[in-house]
Amino acid sequence: MSNSEKNRIYITTAIDYVNARPHVGHALEKIQADVIARFFRKKGFDVHFLGGTDDNALKNVLAAKAAGVSTSEFVDTNAEVFRGLKDALGISWDDFIQTTEERHKIGVEKFWRACDPKDIYKKAYKGLYCVGCEEFKTEKDLVGGKCSEHPSTSLEEVEEENYFFRLSTYGEKLKKLIESDELKIIPESRKNEMLSFIRQGLEDFSISRSRARAQNWGIPVPDDPDQVIYVWFDALLNYITSLGYGSDNALFKKYWEENENILHVIGKGITRFHAIYWPAMLMSARVKLPQTIFSHGYITIEGQKISKSVGNVIDPYDLVKEFGAETVRYFLLREIPAHSDGDFSRVRLIERYNGDLANGIGNLVARVATLGEHINPLQIDFQSDIEKESDAASDAAFKKYEAYMENFRLNEALGAAWELISFADRYINDKKPWTLKEGPEFERTIKNATYLIGTITNLIEPFLPGTAGKIRQQILFKDSVLEIKKGVGIFPRIP
Ligand SMILES: [Zn+2]
């Protein structure tokens, strides 16, 4: 990430289809992106953080029909459930866009017209369409005649005249962009996947469908109302239409045109749309490109893929109700490796809770607060009071954490914070302050323990903002004065 351009960063999450309620996989992505947004805010960056929903997909139309309500009523009702993740999980979105909003329609229409006319052409097409992916599939995409992501959905054979985007001419440019990290794809494995996809040769892709097949839903092609803009072409544009591309230009200028830190956080299954289609579209319309794509893995539930038919869908709202937002955040961020797939299980969640939260950070804070609750406010002189080994451990944890955060290795960054928690526990066990109870040596130990807790609090704050706030209510530093106000336990054990 570049530090120039007035320390500004624009972070987006994928816009979700609203055909069903969000599951724990949606929650993971929003939480991961939220940590990154909070991390940069804490560093003093001007952060703009976006969420949203994809309302224009055909699968939303089909789901609305099944529910017996109008499509617009259906998408608005369900979009509210996705928007509500903000409060339920503490997602610090600055803005949230629905693709049925006017600002989006205006921008999409402008963008279509801005594309190089040579890049958009009409031709007859016949192919297999997966409604689940909202994408045409070629033979090489299929596994046993079915979509690999949606094996229970049958593919629809479609024959009609559509507009196409000349992606085939962008192969060399895209290859250079990705190889050079000018468009950086994290992790490396996804970058290699994209490069090998480009090497196989890029095919033009359809960017419209007939109004009839779209069931009269979506954004019409400018000057050809019988065609509706293909949902992916439309959806990707939310990243700029939300900033007012085509309408309010000040925000677009600030966070897109004059910003060298644009980060898309997405799931691995849609990397191709973001790393290949999206930059080609932007190049065609002469709009600048984003810098970074962070592509996270998927969650399995006790070893199985999340699926309605398996019946293992976990609603994040239910999890929050049972365990609280901070616990859900911690578990997903610590247990699911940010760069690959991971598994969710209740047993593991409770183990992590009791081991890391109740016995880890919760116990450390309670111990120190109990030891120090009767002392008067202490003046801390960081030069003479903080021991070399406390300072070195704190510094090492910070450096490790920063290096992991640089590559969005979120679970490992948390690991670095937890190593410091272990160090603080060992430090207190060695010093045995409970045998002293008062005096300069006792106070010195308390000062060092709270100094370590101060660093830990800073490290965990982007991950667990509520917990950081609670710790600071018990262990207060103000103008180098330490005050301890013992409160209730932060994470009581789950029996
Ligand atoms: Zn599919």
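Since this is a predicted model, take the numbers as computed values, not measurements.

Turning next to the overall build of the chain. In terms of helices and strands, the chain carries 20 helices and 22 strands. Taken over the C-alpha trace, the chain has a radius of gyration of 25 Å; the compact-globule value for 495 residues is 23 Å, and the two agree within 12%. Reported as C-alpha extents along the three principal axes, the dimensions of the chain are approximately 85 × 45 × 40 Å. Within the span of the chain, comprising 495 residues, buried residues form 56% of the whole. Within the chain, counting contacts between residues at least 6 apart in sequence, those at least 24 apart form 77% of the total. A total accessible area of about 20900 Å² is found for the chain, and carbon and sulfur atoms account for 49% of it.

Before going further, it helps to spend a moment on the UniProt feature "domain: Methionyl/Leucyl tRNA synthetase" (unreviewed entry) in the chain. Taking the numbering used here, the UniProt-annotated feature "domain: Methionyl/Leucyl tRNA synthetase" (unreviewed entry) corresponds to residues 9-148 and 157-368. Between the C-alpha atoms that bound residues 9-148 there is a distance of 35 Å. The span itself is 43% helix and 27% strand. What you have in residues 157-368 is 45% helix and 21% strand, and the ends, taken at the C-alpha atoms, are 66 Å apart.

Turning our attention to the coordination of the zinc ion. Within the first shell, the zinc ion binds the protein through Cys130 (SG), Cys133 (SG), Cys147 (SG) and His150 (ND1), at distances of 2.2 to 2.3 Å. Note that the zinc ion binds 4 donor atoms; their angles at the metal cover 99 to 121°, and the shape is tetrahedral. Between consecutive donors of the zinc ion, the numbers of intervening residues give the motif C-x2-C-x13-C-x2-H. Here the residue cysteine 130 occupies a position in strand 5 (residues 120-130), and histidine 150 occupies one in the loop between strand 8 (146-147) and strand 9 (156-165), the gap between them amounting to 20 residues. Take cysteine 130: its relative accessible area is 1%, and that puts it in the buried class.

The next subject is the pattern of salt bridges. As enumerated under the stated definition, the model contains 40 salt bridges in all. When the shortest N-O distance is used, the salt bridge between aspartate 116 and lysine 118 registers 3.6 Å. On the basis of relative accessible area, aspartate 116 is assigned to the buried category, the value being 18%. Notably, a salt bridge pairs arginine 346 with glutamate 322, separated by 2.5 Å at the nearest N-O pair. Of this pair, arginine 346 sits in helix 15 (residues 346-372) while glutamate 322 sits in helix 13 (residues 316-323); the two residues are 24 residues apart in sequence, bridging distant segments of the chain. Look at arginine 346 and you get partly exposed, because its relative accessible area is 38%.

Time to look at the environment of phenylalanine 111. Mapped onto the elements, phenylalanine 111 comes out in helix 6 (residues 102-114). Residue phenylalanine 111 is classed as buried on the basis of its relative accessible area, which comes to 0%. On a C-alpha basis, the gap between phenylalanine 111 and lysine 478 in space is 52 Å, while along the polypeptide they are 367 residues apart. Non-local contacts of phenylalanine 111, meaning those with residues more than four positions away in its chain, are made with Phe233, Leu237, Ile240, Tyr245, Met281, Leu282, Ala285 and Val287.

Bringing the packing of helix 3 (residues 58-67) against helix 4 (residues 71-83) into the picture now. The contact between helix 3 and helix 4 brings their axes to 9 Å, and the two run at 100°. Between helix 3 and helix 4, the angle is such that the two are roughly perpendicular. Residues Asn60, Val61, Ala63, Ala64 and Ala67 of helix 3 touch helix 4, and the partners they reach there are Thr71, Phe74 and Val75. Looking at the contact of helix 3 with helix 4 residue by residue, the class counts come to 6 nonpolar, 2 polar and no charged.

This next bit is on the confidence of the model for the chain. Averaged over every residue, the pLDDT of the chain is 95; the share at 70 or more is 99%. In this model, residues 1-5 is a region of pLDDT below 50 whose contacts with residues beyond four sequence positions or in other chains number 13 contacts.

About the criteria used
Residues numbered from 1 in each chain as written. Predicted model: local features only at pLDDT ≥ 70, side-chain atom pairs only at ≥ 80, totals over all residues. Heavy atoms only, no water. Helix = DSSP H or I, 4+ residues; strand = E, 2+ residues; numbered from the N terminus. Rg over C-alpha atoms; globule rule 2.2 N^0.38 Å. Buried < 20%, exposed > 50% of the residue type's maximum accessible area, 1.4 Å probe, protein only. Contact = heavy atoms within 4.5 Å. Areas by Shrake-Rupley, 256 points an atom, 1.4 Å probe, with all protein chains shown as cover. UniProt positions renumbered as here; feature names shortened; annotations may be inferred. Donors = N, O, S within 2.8 Å, 3.2 Å for Na, K, Ca; no water. Tetrahedral: all angles 85-135°; square planar, octahedral: opposite > 155°, others 65-115°. Salt bridge = Lys/Arg side-chain N within 4 Å of Asp/Glu carboxyl O. Axes fitted to C-alpha atoms, helices over the stretch in contact; angles between N-to-C directions. Parallel < 35°, antiparallel > 145°, perpendicular 65-115°, else oblique. Nonpolar A, V, L, I, M, F, W, Y, C, P; charged D, E, K, R; others polar. pLDDT = per-residue confidence, 0-100.

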